[in-house]
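Here is how the chains run, residue by residue.
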Amino acid sequence: MTGIVRRKALITGAAGGMGRACAWLFGATCDLVLSDVSKDRLDAFAKELRDAGNIVTAHAGDMLDEAHLASLAAELDSERACSVIHTAGLSPALADWQAIMKVNLVASEMLMQALKPRLAPGSVVVPIASMAGHMMPAIPEIDALLVDPLADGFIQGIGAAVEAMGGQGGDVGKRGVSYSLSKRGVHLHTERWGIALGSRGVRVVSISPGVIHTPMGLAENEKTPGAADTMNAAVVGRIGTPMDIAMAAKFLCSDEASFITATDLKVDGGSTASLMPPKG
Ligand SMILES: NC(=O)c1ccc[n+]([C@@H]2O[C@H](COP(=O)([O-])OP(=O)(O)OC[C@H]3O[C@@H](n4cnc5c(N)ncnc54)[C@H](O)[C@@H]3O)[C@@H](O)[C@H]2O)c1
């Protein structure tokens, strides 16, 4: 069967809450390339999407595995614009501080390195960060580490910062600090890549969600001290939905957002502003 070739949408973490919503929304207009470390959940979801008429390629694998990233890059056509929604990530309730830093920040950088040669003009990359990245004060010495997550000794160097800032809270404290620093790192990564790829016509814009009704968001509310306070800080008076994030990503990938790059969009129901009101 021949026809008009549609834009591809690469969605990582596709078996998770936001990834699934992005797949349903982008699948209406794009051919889907899906990735997740959980093969069983990914395969089941890909079947559900195909049964509903979507065009889906699914690759199970770890975002820290270069071979997996190469298989995702190979799905993209270097002459045709694509959308990339990078939702794969770990939160404090789900993993230790090192895994959080590696999956959230190191893998984001590895993904961009892998995709860079395949991103045609008009492509848009949307890494999913977090409002937590806005809650940390900017500390120049730590930012200097966060801007180079593939550097030798990055984990040891950032580990010293995690220990200093969160060590008094034990394992829970270190997980929380690692998560916030990893997401601040994603904000910096977005600015850096947006600047680097702008002249090629590729935009990079992160989204910082507030608390969202996904397996991760619910696990945080249940297990991490203070998480429910963050949810209750949303001035719109409700928890966010995965589709709130997918719709923001769809807008950022559209022509209507063509002047938006190298920046972050908070989709948090006003939580960050409410918890950190402007001074004055
Ligand atoms: N849910 C929230 O309240 C919330 C708030 C702020 C930011 N975020 C961020 O949004 C993103 C998506 O979160 P979600 O709520 O959909 O989470 P989720 O746990 O529902 O989905 C995340 C998916 O990522 C996959 N994944 C984890 N590690 C991976 C790895 N190493 N390689 C490949 N896949 C991997 C998981 O299998 C899972 O399917 C994350 O980056 C998260 O930090 C979530």
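Check the entry above for the structure.
As the structure is a computational prediction, the values presented were derived from the model and not from experiment.

Draft legend 1. Spatial organisation of the layout of surface pockets. Of the voids in this model, the largest pocket is the one considered here, and its volume is about 1100 Å³. Taken together, 46 residues line the largest pocket, and the ones lying closest to its centre are Leu90, Ser91, Tyr179, Met216 and Glu220. Mapped by element, the contributors of at least two residues to the lining of the largest pocket are α1 (17-26), β2 (31-36), α5 (132-135), α8 (170-198), α9 (215-223) and α10 (227-232). Here the second largest pocket defines a volume of roughly 150 Å³. As for the second largest pocket, its lining consists of 15 residues, and the residues nearest its centre are Gly240, Asp244, Val267, Asp268 and Gly269. When grouped by side-chain class, the residues that make up the lining of the second largest pocket number 7 nonpolar, 5 polar and 3 charged.

Draft legend 2. Here's a closer look at the environment of alanine 23. In this fold, alanine 23 is placed in helix α1. The sequence separation of alanine 23 and valine 267 amounts to 244 residues, and the corresponding C-alpha distance is 18 Å. Discounting residues that sit within four places of it in the chain, alanine 23 has contacts with Ile11, Leu32, Leu34, Phe45 and Leu49.

Draft legend 3. How the structure looks around the side chain of histidine 68. Of note, histidine 68 is situated in helix α3 (residues 66-74). Among residues more than four places away in sequence, those in contact with histidine 68 are Ser35, His59, Ala60, Gly61, Asp62 and Met63.

Draft legend 4. Region of interest: the packing of helix α4 (residues 97-115) against helix α7 (residues 154-166). Contact geometry for α4 and α7: axes closest at 11 Å, N-to-C directions at 120 degrees. Classified by the interaxial angle, the pair formed by α4 and α7 is oblique. As α4 packs across α7, the resulting crossing turns out to be right-handed. Every residue of α7 that contacts α4 at Trp97, Gln98, Met101, Lys102, Leu105 and Val106 is listed here: Phe154, Ile155, Ile158, Gly159 and Val162. Split into classes, the residues belonging to the contact of α4 with α7 amount to 8 nonpolar, 2 polar and 1 charged.

Draft legend 5. Summary view of the packing of aromatic side chains. All chains considered together, the criterion is met by 1 aromatic pair. Consider the rings of tryptophan 24 and phenylalanine 45, whose centres lie 6.0 Å apart with planes at 75 degrees: the pair is edge-to-face. Highlighted residues: tryptophan 24 in helix α1 and phenylalanine 45 in helix α2 (residues 39-51), separated in sequence by 21 residues. We note lysine 250 situated over the ring of phenylalanine 26; from NZ or CZ to the ring centre the distance is 5.4 Å.

Draft legend 6. Region of the structure containing the pairing of strand β5 (residues 124-127). Both faces of β5 are covered, namely the face carrying Val124 and Val126 and the face carrying Val125 and Pro127. Sheet analysis places strand β4 (residues 82-86) next to β5, joined by 4 bridges and oriented parallel. Of the residues in β5, the one forming a bridge with histidine 86 is proline 127. Each parallel crossover has a hand, and for β4 linked through α4 to β5 it is right-handed. By the bridge criterion, 2 bridges tie β5 to strand β6 (residues 203-209) in an arrangement that is parallel. Across the sheet, residue valine 124 finds its bridge partner in β6, namely arginine 203.

Thresholds applied
- Residues numbered from 1 in each chain as written.
- Predicted model: local features only at pLDDT ≥ 70, side-chain atom pairs only at ≥ 80, totals over all residues.
- Heavy atoms only, no water.
- 1 Å grid on protein atoms, 1.4 Å probe; cavity = no way out; pocket = protein on both sides within 12 Å on 5 of 7 lines; lining within 4 Å.
- Points joined across faces, edges and corners; volume = space filled by probe spheres on them.
- Helix = DSSP H or I, 4+ residues; strand = E, 2+ residues; numbered from the N terminus.
- Nonpolar A, V, L, I, M, F, W, Y, C, P; charged D, E, K, R; others polar.
- Contact = heavy atoms within 4.5 Å.
- Axes fitted to C-alpha atoms, helices over the stretch in contact; angles between N-to-C directions.
- Parallel < 35°, antiparallel > 145°, perpendicular 65-115°, else oblique.
- Left-handed = near helix turned anticlockwise from the far one by under 90°.
- Phe/Tyr/Trp six-rings, centres within 6.5 Å; stacked < 30°, edge-to-face > 60°.
- Lys NZ or Arg CZ within 6 Å of the ring centre and 35° of its normal.
- Buried < 20%, exposed > 50% of the residue type's maximum accessible area, 1.4 Å probe, protein only.
- Pairing = 2+ DSSP bridges.
- Right-handed = clockwise from strand over helix to strand, strands pointing away.

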